[in-house]
Amino acid sequence: RARSVIATYATGLSFPLSHVIMRLDGLYGNAAPLADLLAAQTGEEEGPAVVVRGKDYHLLEQPAIQQRLHRPPDQSTIHPESGASRALYDCGQVRLAPTGPVLRMLLATHPADASRPPVGKVREGTVYEQFFTTLSSAAFTSADVLDLYLHRGSFETVLADEDEEQAAD
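All values derive from a computational prediction rather than experimental measurement.

Rules used throughout
- Residues numbered from 1 in each chain as written.
- Predicted model: local features only at pLDDT ≥ 70, side-chain atom pairs only at ≥ 80, totals over all residues.
- Heavy atoms only, no water.
- Helix = DSSP H or I, 4+ residues; strand = E, 2+ residues; numbered from the N terminus.
- Buried < 20%, exposed > 50% of the residue type's maximum accessible area, 1.4 Å probe, protein only.
- Contact = heavy atoms within 4.5 Å.
- Pairing = 2+ DSSP bridges.
- Arc of directions from axis to C-beta.

(A) Layout of the overall build of the protein chain. When helices and strands are counted, the protein chain shows five helices and seven strands. Counting the 169 residues in the protein chain, one finds 36% classified as buried. Within the protein chain, contacts between residues separated by at least 24 positions form 58% of all contacts whose residues are at least 6 apart in sequence.

(B) Structural context of the pairing of strand β2 (residues 49-54). Along β2, six of the six residues are buried, which leaves the element largely enclosed by surrounding structure. Covered by surrounding structure in β2 are Ala49, Val51 and Arg53 together with Val50, Val52 and Gly54, the residues of both alternating faces. Relative to β2, strand β1 (residues 21-24) runs parallel, the two sharing four bridges. When the sheet's bridge partners are listed, methionine 22 is paired in β2 with valine 50. Taken together, the four bridges between β2 and strand β7 (residues 126-133) define a ladder with antiparallel strand orientation.

(C) Up close: helix α1 (residues 2-12). Listed in full, the buried residues belonging to α1 are Arg3, Ala7 and Ala10. Mapping the buried residues of α1 onto a view down its axis gives an arc of 65°, with all of them on the same face. The exposed residues of α1 that point more than 90 degrees off its buried face are Ala2, Val5, Thr8, Tyr9 and Gly12. Positive phi shows up at serine 14, right after α1, with a value of about 55°.

(D) Region of the structure containing the pairing of strand β4 (residues 85-95). In terms of strand pairing, strand β3 (residues 75-78) meets β4 through four bridges, oriented antiparallel. Among the inter-strand pairings, serine 76 is bridged to a residue of β4, identified as alanine 87. As paired strands, β4 and strand β5 (residues 102-111) are joined by seven bridges and run antiparallel to one another. Pairing of tyrosine 89 across the sheet is with leucine 107, part of β5.

(E) Structural detail: helix α4 (residues 142-150). Buried residues of α4: Ser142, Ala143, Val145, Leu146 and Tyr149, and no others. On an axial view of α4, the arc spanned by its buried residues comes to 160°, and they lie on one face. Where α4 is buried, its residues contact β1, β2, β3, β4, β5 and β7.

So, in structure tokens, the structure goes:
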């Protein structure tokens, strides 16, 4: 239903769906809901694109993923406010389930600390976070995709700061 509302809104603004990016939360980190969403797009114009955090950490066991992790990361990022650093690996196109969708998989890694991370999978002292997208690697780097997902509400902070700086009257 959300996709339909977004499509209606974009059409009303004469904005092509191929220029829309949907950030998904909740159950979308699993293959089944993503397959349903992406199947709904078949036969229609391209888009909207999808960015989602993954939950299926068994995918880390795939030989192609393991090989990718043994090479240097594509990029590294440092969060401007927290200073958190992540190494980013673009794993290319990965099938999420035997009959599931194929999406671009990105892995963000950082060293584990003493506390259990709120998201991700800890393996051998490293936290792995999965992200999936339909965005092209030619147009969006690994860091771009991570920024789209993690900094989803950054504008709200900016707007709140402006409210405090200006007199409400």
